[in-house]
Amino acid sequence: MTTPPVARTDPQTITQLGRVRIDEYGWMKDENWQAVLRDPSVLRADIAAHLRAENAYTAAILAPTESLQATIAAEMKARIREDDTYPALPHGPWRYYMRYAAGAQHPIHARHPEGRPEAETILLDVDRMAKEHEYFAVATATHSPDHLLFAHAEDNQGSEVYRVVISDIARGTPVGPAIENCSGNFAFSSDARHLFWTWRDAHGRPTKIFRRRIGTDEDVLVYEETDPGFFIGVEASRSGRWIVISASNQDTSESWLIPGGNPEAAAACVEPRRTGVLYSLSHWGDRFAILTNTDGAVDFKLMEAPDTTPGRAHWRDLVPHLPGRYITDCMAFSGHLVWRERRDANTALVVRRVDGTEHVLSSDEDAYVLSFSGSFEYDTRELRYVYQSPTTPRQWYAYDMDSRTRHLLKTQEVPSGHDPRDYRCWRLTATALDGTQVPITVLGRHGTPIDGSAPLLLYGYGSYGHAIEPTFSTGVFSLVDRGWFYAIAHVRGGSEKGWNWFLGGRGRNKPNSFTDFIACAEHLIADGFTGAGRIVTDGRSAGGMVMGAIANMRPDLFAGIVAVVPFVDELNTMSDTSLPLTPPEWPEWGNPLEDEAAYDLIASYAAYEQVAPRPYPAILAIGGLSDPRVTYWEPAKWIARLRAHTTSSRPLLLRINMEAGHGGASGRFDALKEAALIQAFAIWAVDTTDHTRTE
């Protein structure tokens, strides 16, 4: 099928705040989309036929790359150790860990007694369970404090509507009925007799916290969120002394406490929500360490308050605010508090003893990542962390916080071979339109020419304060080893340079994310890492918003654009209150239902709204039929409108995964096929652009 599908037009006139827009492809949204999320087979027949036709067209256009896709997928698989085991985490007499059997798509959760690794108990064999489903994913999976129970949240549609199953470890049998319509978030009580879990409503929003007596189907409502713009969750403090309920949107939060020793007690609010104030709690000894932006601490600070009186009136500075030092999270131990901070797109860990002495763990590489790797134990001197960089595989360490000595537990193995000395990482800086300095991380192989001739894959995100960190990724080496550069544009909207970096690409400042990305592309061209028309871009979810915007703003710069589960129908989505994420997203983009300025701003950059006659580059849009975050019709409508307006002959491709949601394929090897497709598309896009230019 080498002729693209022509989507029918059925113009719908939408009048909103005195403004009128036409949506000729609105019919692609199934009226019963909530049912489709739970059962994709009920998708309306005409929509299903159109999506299948789009998939067939994409497969036909990229058929010449099938051999390359297979080769790249095999390369990626060869870089993964199939029978891998992650370092075990101690908890009392047990060591808990996750491992993969050779050839398995999904992990096994297991444990063994201290000092007896041969005496393994399998807690959950996800790979065995997944064989019964087209899609299968496990979110939270953990054991009870008394080590007798194991609970997990499973999703077999990709819709992120989970069921929680509690099992007796000794017997390997379920304890009581499963919990349905869960967000995947839950926590055991300290006595292991109750499970606190988060319920999702018909719109897919987490709105209630229930307490279930384990072994029964008796659920007691503990907390209900009435604001549709807030997300909620529940967790147990690491000390085990508190159950913490959190409610938040992107700029406001609130926490509620239940004593761990009295799980049936009513939840008590720590400090009522106040617009613009964020805070989170870590229980530490007889107090709480509070990570917050209160009192103008834009990049956050740590405060403390007695656990008997944790309200705002009792908060006192523990680690003062320092502009440019963004404290991202913290972890409490009985004798230590550890926090993670980010400056200029790199991270460090700071260890503080109860006596107030501090020391820092960092690196001298140009770009790197330090992160926590988990811990079940509270009364310990051992910190587990991971170090990695674009050239350095992950290294897991056990660190003694008193003696300041570390023990290497594991280095990520690359079976096909990897020598960091063969590669180089650069940290560059582009100048944005307003003069702001935007970091760029670049990975390349020594010897790749820096004369404008190399192709380059440029990744970007820029939303929600989520930083794209310079991690080690085995997948990118299939491009890098073929003479490509791989780059990350750390655009505003993330938090690579602090919380102000997020605010600088949010709401009315959102266009900065797009112009920053373009500035990064132009800087890479000026520095000789690539040339105009030799860049392929990659953005996912909210990063797809960037891809849609730059396609409209500067199509001349790019050979191809990859947009995975892309948020590209921003104005219609933010005007549809039935969708799961619409009210929670208004603080991020604005509310076009009530705010004329927000409507006009979103309309000015929304990818779907701004499609016009232009010579668009080749575009590959990938969506998931059961995606509750970015619905399948967003990329489908976008590609249809692009195809009707483009003035170039470059293909505009849509691929909808009919058995998955926002995260794509759930199996680790199945996911490589999509990654290989994207890289093969990138190579094909550059090669065909070069061929067109020489004709």
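Worth saying up front: this structure is predicted, and the values here are computed from it rather than measured.

1. What to know about the overall build of the protein chain
(1) Moving on: Counting its regular elements, the protein chain contains 13 helices and 38 strands.
(2) Moving on: Over its C-alpha atoms the protein chain spans a radius of gyration of 25 Å, differing by no more than 12% from the 26 Å that the globule rule assigns to 695 residues.
(3) Moving on: Its C-alpha atoms give the protein chain principal-axis dimensions of about 75 × 55 × 50 Å.
(4) Moving on: Relative to its full complement of 695 residues, the protein chain shows a buried share of 59%.
(5) Moving on: Taking as baseline every contact in the protein chain between residues at least 6 positions apart, the subset at least 24 positions apart corresponds to 56%.
(6) Moving on: Of the roughly 26400 Å² that the protein chain leaves accessible, carbon and sulfur atoms contribute 50%.
(7) Moving on: Each charge class in the protein chain was averaged separately, 68 positive and 89 negative side chains, and the resulting centres sit 2 Å apart.

2. Concerning the pairing of strand β19 (residues 279-284)
(1) Moving on: Of all six residues in β19, five are buried, a share of seventy percent or more.
(2) Moving on: Following β19, the chain reverses through two residues before pairing antiparallel with strand β20 (residues 287-292); Gly285 in that reversal takes a positive phi of roughly 70°.

3. Observations concerning the pattern of salt bridges
Close approach of charged atoms allows side chains with opposite charge to pair.
(1) Moving on: This model, assessed by the stated rule, comprises 54 salt bridges.
(2) Moving on: Between Arg629 and Glu160 there is a salt bridge, with its nearest N and O atoms 2.8 Å apart. With Arg629 in the loop between β37 (618-624) and α12 (633-645) and Glu160 in the loop between β8 (149-155) and β9 (162-168), this residue pair connects regions lying 469 residues apart in the sequence.
(3) Moving on: The salt bridge partner of Arg445 is Asp422, with a shortest N-O separation of 3.9 Å. With Arg445 in strand β32 (residues 437-445) and Asp422 in the loop between β30 (405-411) and β31 (423-431), this residue pair connects regions lying 23 residues apart in the sequence.
(4) Moving on: One network of salt bridges, with partners in common, ties together Arg353, Asp355, Arg381, Asp400 and Asp402.

4. Points about the side chain of Glu24
(1) Moving on: Within the secondary structure layout, Glu24 lies in the loop between β2 (19-23) and α1 (33-38).
(2) Moving on: When residues no more than four places from it in sequence are discounted, the contact partners of Glu24 are Arg8, Thr9, Asp10, Pro11, Tyr608 and Arg641.

5. Some remarks on the packing of helix α7 (residues 511-526) against helix α8 (residues 542-553)
(1) Moving on: Packing of α7 against α8 leaves a shortest axis separation of 9 Å and a crossing angle of 65°. Judged on the interaxial angle alone, α8 and α7 are roughly perpendicular. Between α7 and α8 the crossing geometry is right-handed. The residues of α8 that touch α7, namely those facing Ser513, Phe514, Thr515, Phe517 and Ile518, are Met545, Val546, Met547, Ala549, Ile550 and Met553.
(2) Moving on: In terms of residue class, the contact of α7 with α8 is made up of nine nonpolar, two polar and no charged.

6. Overview of the sheet that holds strand β24 (residues 336-343)
(1) Moving on: Pairing is antiparallel in the open sheet, where four strands are placed in the order β23-β24-β25-β26. Among the strands making up the open sheet, the edge pair consists of β23 (326-332) and β26 (358-361). Put simply, the sheet's adjacent strands are angled 25° from each other on average, direction ignored.
(2) Moving on: Two elements, β23 and β24, share six bridges in a ladder whose sense is antiparallel. For Cys330, the partnering residue across the bridge sits in β24 and is Trp339.

7. Section: the side chain of Thr294
(1) Moving on: Relative to the helices and strands, Thr294 is located in the loop between β20 and β21 (301-306).
(2) Moving on: Among residues more than four places away in sequence, those in contact with Thr294 are Arg274, Val277, Lys301, Met303, Arg312 and Trp315.

8. Points about helix α2 (residues 45-61)
(1) Moving on: Here α2 is 17 residues long and its end C-alpha atoms lie 24 Å apart, about the 24 Å a rise of 1.5 Å per residue gives.
(2) Moving on: By the burial criterion, the buried members of α2 are Ile47, Ala48, His50, Leu51, Glu54, Asn55, Tyr57, Thr58 and Ile61.

9. What to know about the sheet that holds strand β17 (residues 253-259)
(1) Moving on: Overall, antiparallel pairing links the four strands, which are arranged β15-β16-β17-β18 in an open sheet. The open sheet has two edge strands with one neighbour each: β15 (231-236) and β18 (268-269).

10. A word on the environment of Tyr97
(1) Moving on: Inspection of the secondary structure assignment puts Tyr97 in strand β4 (residues 94-99).
(2) Moving on: A residue is classified by how much of its surface remains accessible, and Tyr97, at 11% relative accessible area, is buried.
(3) Moving on: Spatially, the C-alpha atoms of Tyr97 and Ala618 are 44 Å apart, while their sequence positions differ by 521 residues.
(4) Moving on: Once residues within four sequence positions are removed from consideration, Tyr97 is found in contact with Thr85, Tyr86, Pro87, Ala88, Ile108, His109, Ala110, Arg111, His112 and Glu120.

11. Re the packing of aromatic side chains
(1) Moving on: On inspection of all chains with the given rule, the structure shows 25 aromatic pairs.
(2) Moving on: Judged by centre distance (5.2 Å) and plane angle (25°), the rings of Trp197 and Phe210 are stacked. Of this pair, Trp197 sits in strand β12 (residues 194-200) while Phe210 sits in strand β13 (residues 206-213), and the two are 13 residues apart along the sequence. Like Phe210, Trp197 is buried.
(3) Moving on: With a centroid separation of 5.6 Å and an interplanar angle of 50°, the aromatic rings of Phe567 and Trp589 are classed as tilted.

12. A short note on the environment of Glu594
(1) Moving on: Relative to the elements of secondary structure, Glu594 occurs in the loop between α10 (582-589) and α11 (596-605).
(2) Moving on: Residues Glu594 and Arg445, spaced 149 residues apart in sequence, show a C-alpha to C-alpha distance of 51 Å.

Rules behind the numbers
Residues numbered from 1 in each chain as written. Predicted model: local features only at pLDDT ≥ 70, side-chain atom pairs only at ≥ 80, totals over all residues. Heavy atoms only, no water. Helix = DSSP H or I, 4+ residues; strand = E, 2+ residues; numbered from the N terminus. Rg over C-alpha atoms; globule rule 2.2 N^0.38 Å. Buried < 20%, exposed > 50% of the residue type's maximum accessible area, 1.4 Å probe, protein only. Contact = heavy atoms within 4.5 Å. Areas by Shrake-Rupley, 256 points an atom, 1.4 Å probe, with all protein chains shown as cover. Lys, Arg positive; Asp, Glu negative; His and termini not counted. Charge placed at Lys NZ, Arg CZ, Asp CG, Glu CD. Pairing = 2+ DSSP bridges. Salt bridge = Lys/Arg side-chain N within 4 Å of Asp/Glu carboxyl O. Axes fitted to C-alpha atoms, helices over the stretch in contact; angles between N-to-C directions. Parallel < 35°, antiparallel > 145°, perpendicular 65-115°, else oblique. Left-handed = near helix turned anticlockwise from the far one by under 90°. Nonpolar A, V, L, I, M, F, W, Y, C, P; charged D, E, K, R; others polar. Expected span 1.5 Å × (residues − 1). Phe/Tyr/Trp six-rings, centres within 6.5 Å; stacked < 30°, edge-to-face > 60°.

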